[in-house]
Amino acid sequence: MTTNNTDGTTASTDARVRLLDAARQAFAEKGYSGTTTRDIASRAGMSPAAVYVHHRTKEDLLFEISLSGHKAALEVINSAAAAHEVPLDQIAAMVREFSRWHAIYSRTGRIVQYEFGSLTPEHRAEIAGYRRGIEERVRESLAAGVADGTLDVADIPGTALALLSLSIDLVRWYEPGGKIAPDEIANLHAALATKMIAMQGA
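Residues numbered from 1 in each chain as written. Predicted model: local features only at pLDDT ≥ 70, side-chain atom pairs only at ≥ 80, totals over all residues. Heavy atoms only, no water.

What should I look at first to understand the overall build of the protein in this one?
Within the protein, the secondary structure is distributed over nine helices and zero strands. Starting at the N terminus and walking to the C terminus, you meet the elements of the protein as α-α-α-α-α-α-α-α-α. Within the protein, the fraction of its 202 residues that count as buried is 43%. Restricting to contacts in the protein with at least 6 residues of sequence separation, those with at least 24 account for 68%. If you sum the accessible surface of the protein, you get close to 10300 Å²; carbon and sulfur atoms cover 53% of it. Charged side chains of the protein number 21 positive and 25 negative; the gap between the two group centres comes to 7 Å. (Helix = DSSP H or I, 4+ residues; strand = E, 2+ residues; numbered from the N terminus. Buried < 20%, exposed > 50% of the residue type's maximum accessible area, 1.4 Å probe, protein only. Contact = heavy atoms within 4.5 Å. Areas by Shrake-Rupley, 256 points an atom, 1.4 Å probe, with all protein chains shown as cover. Lys, Arg positive; Asp, Glu negative; His and termini not counted. Charge placed at Lys NZ, Arg CZ, Asp CG, Glu CD.)

It is not clear to me how helix H7 (residues 121-147) should be interpreted in this structure. Could you clarify?
Three- or four-residue spacings in an α-helix give side chains the same orientation, since the helix completes a turn every 3.6 residues. Between its terminal C-alpha atoms H7 stretches 37 Å, which fits the 39 Å expected from 27 residues at 1.5 Å a residue. Among the residues of H7, His123, Ile127, Ala128, Ile134, Arg137, Val138, Ser141, Leu142 and Gly145 are the ones counted as buried. Immediately beyond the C-terminal end of H7, within one or two residues, lies Gly149, with a positive phi of roughly 80 degrees. (Expected span 1.5 Å × (residues − 1).)

Please explain the environment of Ile65 as it appears in this structure.
Here Ile65 shows up in helix H4 (residues 58-82). Taking the C-alpha atoms as reference, Ile65 lies 7.3 Å from Thr108; in sequence the two are 43 residues apart.

Would you mind going over the environment of Leu20 with me for this structure?
Relative to the helices and strands, Leu20 is located in helix H1 (residues 11-30). Between the C-alpha atom of Leu20 and that of Leu62, which follows or precedes it by 42 residues, the distance is 8.6 Å. Not counting residues up to four positions away in its chain, the partners in contact with Leu20 are His55, Leu61, Glu64 and Ile65.

Would you take a moment to explain the pattern of salt bridges for this structure?
Between side chains of opposite charge, pairing is possible as soon as their charged atoms come close. Applying the stated criterion across every chain, the model contains 13 salt bridges. Here Glu135 and Arg139 are joined by a salt bridge, their closest N and O atoms 3.7 Å apart. Highlighted residues: Glu135 and Arg139, both in helix H7, separated by four residues, approximately one helical turn. The class for Glu135 is partly exposed, based on a relative accessible area of 22%. Of the charged contacts in the structure, one is a salt bridge between Glu140 and Arg137, with a shortest N-O distance of 3.4 Å. Here Arg137 and Glu140 lie together in helix H7, a separation of three residues that amounts to about one turn. Here Arg137 falls in the buried class, since its relative accessible area comes to 17%. If you follow the salt bridges from partner to partner, you end up with Glu29, Arg43 and Arg107 in one network. (Salt bridge = Lys/Arg side-chain N within 4 Å of Asp/Glu carboxyl O.)

Function cannot be read off these values alone, since they describe shape.
Right under this line is the structure:
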């Protein structure tokens, strides 16, 4: 049975959100293997047993965080590409927005990118589909730019991974509220991406 909160949500929903937020903090700070369900429950202000009311295992929490993060990242990529018609502009926009997302949501990004191996094989397979979707969208723009002569790219798959790595790698060191604002790092990465792939004189 659930009870209604004043904001219209249910107590059950509220507890579930608190557990996810607590797990996100713990996984980002201590890593998945270094986090226990007791850690998560303590951060959520709940008993360890309460975790299992909403999630069967600690890995289920990781999967839910990873799934929502990958869905959001894919949407960022698709929206950025759809906002432009020129391949070079699409690539710059995708790298810019992908980096901005990883900077703003660096904790989630850290979990999404570096705890993939902690998922079960079934969950890894599902998440891998979103990763392929992100890579494929970047490859499409690279291929289009090579075809129209505006991009100088010899290895499309390798270049797509290198471009995405600009954004992915920042979660190792980036901390919100530091000296570098999300827009600043996002614009830097977009400029670097442009220099990496633009045909000279195009």
